[in-house]
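Given next are the chains, with one letter for each unit.
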Amino acid sequence: MIQSLSMGFSTCPNDTFIFGGLAKGAVRPEGLHVKPFLADVEVLNRHAREARLDITKISFHAAMHCLKDYWLLRSGGALGRGCGPIVVARRPLRPEDLLEAAVAIPGRFTTANLLLELSGLHRGRRVEMSFEKVMPAVMAQEVDAGVVIHEGRFTYADLGLHQVLDLGAWWENHTGCPLPLGCIVIRRSLGRRTAAAVDRAIVESLDWAYGHPQEVWPYISAHAQEMAPTIIRRHIETFVNEFSRDVGTEGRNAVRRLLEEAARMAGFALPDVPLFWTDP
């Protein structure tokens, strides 16, 4: 009997690259049928907090609140170096100028917002909006600065904006760890056998994308919001890496560090449960 599972991921090129094979039916997990649900990562974060999806991409900030319902998978996530969110402004500013500034953020439960909080460099007003509205809000002087994610890190300078703070670099300097941005989670109730099958399928989908670039490209570009091909390629090169295949020991340590720092800051106790489905 085929088990049907809902799978959420974003429209960003790194996700549509990784999951394109599954979405297009080129990769078919044995005994499973995957139903894609594409949405902005903050929408996925909120769905996960309500345990609406069987499998989903979420921010690590949101994962802190979902661990009772979900395991982390080892594959498919966004984790690395030189790939973190950046804070931009209309004019050159120093990081200390952000303290009381009004800053646009791409969602309360995004890792971008978590990093801004952990850095201790901002205590002013934060204005939530979808990620694609952040730079226009900065340019329109609706806010003093904005936290930019996804392809915005490649395009902000073309809009005349200035980098104030690289939050990914701050994290790497602060911890020595790569930066965990997003992860794939699966309902614990589905069991380890299903989790293992989904992890394998994600790796197969990633391999299929690398092996069939001309076949996956139309799927990526159809969801890329009129992004230029060069930006799509830079996005994939930046956010898809060896950690996308398997989080590994270094990645697991970085994930644990981020979740523990986030929980400590929030006065929140992480549930005493295995973090990844492969943990005892």
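Summary of the structure given here. (Residues numbered from 1 in each chain as written. Predicted model: local features only at pLDDT ≥ 70, side-chain atom pairs only at ≥ 80, totals over all residues. Heavy atoms only, no water.)

### Here we look at the overall build of the protein chain
Applicable threshold: Starting at the N terminus, helices and strands are each numbered in turn, a helix being any DSSP run of H or I of at least four residues and a strand any DSSP run of E of at least two. Computation of the radius of gyration draws on C-alpha atoms alone. For the globule rule, the value is 2.2 Å times the number of residues to the power 0.38. Three labels apply to residues, based on accessible area from a 1.4 Å probe with only protein chains included: buried if under 20% of the type maximum, exposed if over 50%, partly exposed otherwise in between. Here, two residues are considered to be in contact whenever any of their heavy atoms come within 4.5 Å of each other. Residue-level accessible areas treat just the shown protein chains as cover; the underlying method is Shrake-Rupley with a 1.4 Å probe.
Looking only at helices and strands, the protein chain features 12 helices and 11 strands. The C-alpha atoms of the protein chain give a radius of gyration of 18 Å, which matches the 19 Å a tight globule of 280 residues would have. Seen through its principal axes, the protein chain has C-alpha atoms that stretch 60 × 45 × 30 Å. When each of the 280 residues of the protein chain is scored for burial, the buried share is 58%. If you take every contact in the protein chain between residues at least 6 apart in sequence, the share linking residues at least 24 apart comes to 78%. Approximately 12,200 Å² of the protein chain is accessible, and the part contributed by carbon and sulfur atoms is 49%.

### Structural notes on the sheet that holds strand 7 (residues 103-105)
The criterion, for reference: Whether two strands pair comes down to DSSP finding at least two bridges between them. Lines fitted to the C-alpha atoms define the axes, with helices restricted to the stretch that makes contact. Angles between their N-to-C directions range from 0 to 180 degrees.
Taking strand neighbours across the sheet as the criterion, the five strands line up as 8-7-9-6-10 in an open arrangement whose pairing is mixed. In the strand order of this sheet, the two ends are held by strand 8 (126-128) and strand 10 (162-166), each with one partner. With direction set aside, neighbouring strand axes in the sheet form an average angle of 30°.

### Quick word on the pattern of salt bridges
Put simply, the rule reads: Think of a salt bridge as a Lys or Arg side-chain nitrogen and an Asp or Glu carboxyl oxygen that are within 4 Å of each other.
One pass over the structure, following the stated rule, counts 13 salt bridges. Between glutamate 128 and arginine 46 there is a salt bridge, with the nearest N and O atoms lying 3.3 Å from each other. Of the two residues, glutamate 128 is situated in strand 8 and arginine 46 in helix 2 (residues 41-49); the sequence distance between them amounts to 82 residues. Residue classification places glutamate 128 among the partly exposed residues on the basis of a relative accessible area of 43%. Relative accessible area serves as the criterion here: at 37%, arginine 46 is assigned to the partly exposed category. Where salt bridges share partners, they join Glu42, Arg46 and Glu128 into one cluster.

### Re the packing of helix 7 (residues 167-175) against helix 12 (residues 248-266)
The condition is simple: Between 65 and 115 degrees an angle is taken as roughly perpendicular, under 35 as roughly parallel, over 145 as roughly antiparallel, and anywhere else as oblique. All residues other than Ala, Val, Leu, Ile, Met, Phe, Trp, Tyr, Cys, Pro, Asp, Glu, Lys and Arg, Gly among them, are scored as polar; the first ten of these are nonpolar and the last four charged.
Close contact between helix 7 and helix 12 brings their axes to 12 Å; oriented N to C, the two are set at 100°. One finds that helix 7 runs roughly perpendicular with respect to helix 12. Only Ala254, Arg257, Leu258 and Glu261 of helix 12 make contact with helix 7, whose side of the interface consists of Trp171, His174 and Thr175. A class-by-class count of the residues in the contact of helix 7 with helix 12 yields three nonpolar, two polar and two charged.

### Focus on the environment of asparagine 241
For clarity, the threshold we go by: Polar contact is the term for a pair of N or O atoms within 3.5 Å; when the atoms are in protein, one must be able to donate a hydrogen and the other to accept it, and sequence-neighboring residues count only if both atoms are side-chain atoms.
Here asparagine 241 lies in the loop between helix 10 (229-239) and helix 11 (242-245). For the pair formed by asparagine 241 and glycine 80, sequence separation is 161 residues and the distance between their alpha carbons is 7.5 Å. In contact with asparagine 241, other than residues within four places in its own chain, are Leu79 and Gly80. At 2.9 Å, the side chain of asparagine 241 forms a polar contact with the backbone nitrogen of phenylalanine 243.

### So, the pairing of strand 1 (residues 3-9)
Counting buried residues in strand 1 gives five out of seven residues, a clear majority hidden from the surface. Of the pairings in the sheet, the one linking strand 1 to strand 2 (residues 32-38) comprises seven bridges and is parallel in character. Bridge pairing links serine 6 to lysine 35 in strand 2. Both strand 1 and strand 3 (residues 55-59) contribute to a ladder of two bridges, which runs parallel. For glycine 8, the partnering residue across the bridge sits in strand 3 and is threonine 56.

### Digging into the packing of aromatic side chains
Here is the rule we go by: Pairs were defined over the aromatic rings of Phe, Tyr and Trp, the Trp ring being its six-membered one, requiring ring centres within 6.5 Å. Orientation was assigned from the angle between planes: stacked under 30 degrees, edge-to-face over 60, tilted for the rest.
All chains considered together, the criterion is met by two aromatic pairs. With a centroid separation of 4.9 Å and 25° between ring planes, the pair formed by phenylalanine 9 and phenylalanine 19 is classed as stacked. One end of the pair, phenylalanine 9, is in strand 1; the other, phenylalanine 19, is in helix 1 (residues 13-23), and 10 residues separate them in sequence. Given a relative accessible area of 1%, phenylalanine 9 falls into the buried group. Taken together, a centroid distance of 5.0 Å and an interplanar angle of 75° make the contact between phenylalanine 17 and tyrosine 210 edge-to-face. Placement of the pair is phenylalanine 17 in helix 1 and tyrosine 210 in helix 8 (residues 191-211), with a sequence separation of 193 residues.

### Focus: helix 7
Restricting attention to buried positions, one finds in helix 7 the residues Leu167, Gly168, Trp170, Trp171, Glu172 and Thr175. For helix 7, the capping residue at the N-terminal end is aspartate 166, with a side-chain oxygen 3.0 Å from the backbone nitrogen of glycine 168. Following helix 7 by one or two positions, glycine 176 adopts a phi angle in the positive range, close to 80°.

The values are spatial; any link to function lies outside them.
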